[in-house]
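Structural features, examined
Single-letter residue listing:
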Amino acid sequence: MIDNLEYNTEREHLIIPEYGRHLQKMINHAKTRETKEEREKLAKAIISVMGNLQPHLRDVPDFQHKLWDQLFIMSNFELDVESPYPKPSKEVLSERPDPLRYPQNHPKYRFYGNNIKTMIDVANTWEDGELKEALLYTIANHMKKCFLNWNKDTVEDVVIFDHLYELSNGKIDLRNSEEDLSDSSSLMRSKGKHNTNKKKKGSNHRSRKRH
């Protein structure tokens, strides 16, 4: 009995493994049928089985189109049947995708993050008024919090205003503002609570007795 064991490594490679080996055998059988009528009858039956195996995808747009594409892919594009959808191309499928270009941003003040520059650019498109002023101080407070998260316990508001002026290319100038930003301790309070909760969770694990 042991000599008759068949290992998956010795079996035919499954092109789409989630459908299983039996479905692959059904497709291979359909390819061997002599008449096109018989092959198409089997192909429709196989599509029905594939749909039952993927019920969670029934609400996906072009669900049937996807199943037919997968049928041709699993047949290695050798199943000669008519499809209600354009057949996928083996050459296009085997092509390598174009390299994905990642943004190569190297900001001077990395601790603020790239999103700050986006927020500043958006703020510059707003018309002057109370809403824009509120947005500018929100951005400045967020910059202050980012600065404090970096490696400082405190920072003067003038430093944040200088950085905001520089990052906005001189379009946002709060350097002569009489309004103060949020206090450093209040900005860091949430961070302190988060760290305290972590310590408590860790202490619970350490104090747990082992039997």
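Everything numeric in this text was worked out from a predicted model, so none of it was measured.

**Section: unusual backbone geometry**
The residue Asn76 is not glycine, and still its phi comes out positive at about 60 degrees. Within the secondary structure, Asn76 is located in the loop between helix 3 (63–74) and helix 4 (90–94). Residues other than glycine seldom take positive phi values, yet Phe77 does so here, at roughly 65 degrees. Considering the arrangement of structural elements, one finds Phe77 in the loop between helix 3 and helix 4. According to the relative accessible area criterion, Phe77 is partly exposed, its value standing at 25%.

**So, the environment of Arg33**
Summarising the element assignment, Arg33 is placed in the loop between helix 1 (20–32) and helix 2 (36–53). Among the residues examined, Arg33 registers a relative accessible area of 27% and is labelled partly exposed. As a C-alpha pair, Arg33 and Asp80 span 47 residues in sequence and 9.8 Å in three-dimensional space. Among all residues touching Arg33, those that are not within four sequence positions of it are Glu38, Arg39 and Leu42.

**Details of the packing of helix 1 against helix 2**
Between helix 1 and helix 2, the shortest axis-to-axis distance is 9 Å and the interhelical angle comes to 165 degrees. By the angle between their directions, the pair helix 1 and helix 2 is classed as roughly antiparallel. Once helix 1 is placed against helix 2, the crossing between them reads as left-handed. Note on element contacts: helix 2 touches helix 1 through Arg39, Leu42, Ile46, Val49, Met50 and Leu53, opposite Leu23, Met26, Ile27, His29, Ala30 and Lys31. A per-class count over the contact of helix 1 with helix 2 returns nine nonpolar, one polar and two charged.

**Structural notes on helix 7 (residues 157–167)**
Helical periodicity: at 3.6 residues per turn, an α-helix aligns residues three or four positions apart in one direction. By the burial criterion, the buried members of helix 7 are Asp157, Ile160, Phe161, His163, Leu164 and Leu167. Burial along helix 7 is one-sided: seen end-on, the buried residues are contained in an arc of 165 degrees. Backbone geometry just after helix 7 places Asn169 at a positive phi near 55 degrees.

**Digging into the pattern of salt bridges**
On inspection of all chains with the given rule, the structure shows eight salt bridges. Ionic pairing is found between Arg33 and Glu38, a salt bridge with its closest N-O pair at 3.8 Å.

**Some remarks on the packing of helix 6 (residues 130–151) against helix 7**
Remark: helix 6 packs on helix 7, axes separated minimally by 10 Å, with the N-to-C direction vectors making an angle of 115 degrees. Comparing the axis directions of helix 6 and helix 7 gives the class roughly perpendicular. Note that helix 6 runs across helix 7; the crossing there is right-handed. Contacts between helix 6 and helix 7 involve Leu136, Tyr137, Ile139, Ala140, Met143, Lys144 and Phe147 from the former and Asp157, Val159, Ile160, Phe161, His163, Leu164 and Leu167 from the latter. A per-class count over the contact of helix 6 with helix 7 returns eleven nonpolar, one polar and two charged.

**Some details on the confidence of the model for the protein**
Detailed reading of the predicted coordinates is not advisable wherever pLDDT falls low. Of all residues in the protein, 84% attain a pLDDT of 70 or more, and the chain-wide mean is 83. In this model, residues 205–211 is a region of pLDDT below 50 whose contacts with residues beyond four sequence positions or in other chains number one contact.

**Quick notes on a negative patch on the surface**
A contiguous patch of negative charge, built from Glu130, Glu133, Glu179 and Asp180, is present on the exposed surface. Relative to the elements of secondary structure, Glu179 occurs in the loop between helix 7 and helix 8 (184–206).

The rules we used
- Residues numbered from 1 in each chain as written.
- Predicted model: local features only at pLDDT ≥ 70, side-chain atom pairs only at ≥ 80, totals over all residues.
- Heavy atoms only, no water.
- Helix = DSSP H or I, 4+ residues; strand = E, 2+ residues; numbered from the N terminus.
- Buried < 20%, exposed > 50% of the residue type's maximum accessible area, 1.4 Å probe, protein only.
- Contact = heavy atoms within 4.5 Å.
- Axes fitted to C-alpha atoms, helices over the stretch in contact; angles between N-to-C directions.
- Parallel < 35°, antiparallel > 145°, perpendicular 65-115°, else oblique.
- Left-handed = near helix turned anticlockwise from the far one by under 90°.
- Nonpolar A, V, L, I, M, F, W, Y, C, P; charged D, E, K, R; others polar.
- Arc of directions from axis to C-beta.
- Salt bridge = Lys/Arg side-chain N within 4 Å of Asp/Glu carboxyl O.
- pLDDT = per-residue confidence, 0-100.
- Patch = residues over 30% accessible without salt bridge, like charges linked within 9 Å, V, L, I, M, F, W, Y side chains within 5 Å.
- Areas by Shrake-Rupley, 256 points an atom, 1.4 Å probe, with all protein chains shown as cover.
- Lys, Arg positive; Asp, Glu negative; His and termini not counted.
- Charge placed at Lys NZ, Arg CZ, Asp CG, Glu CD.

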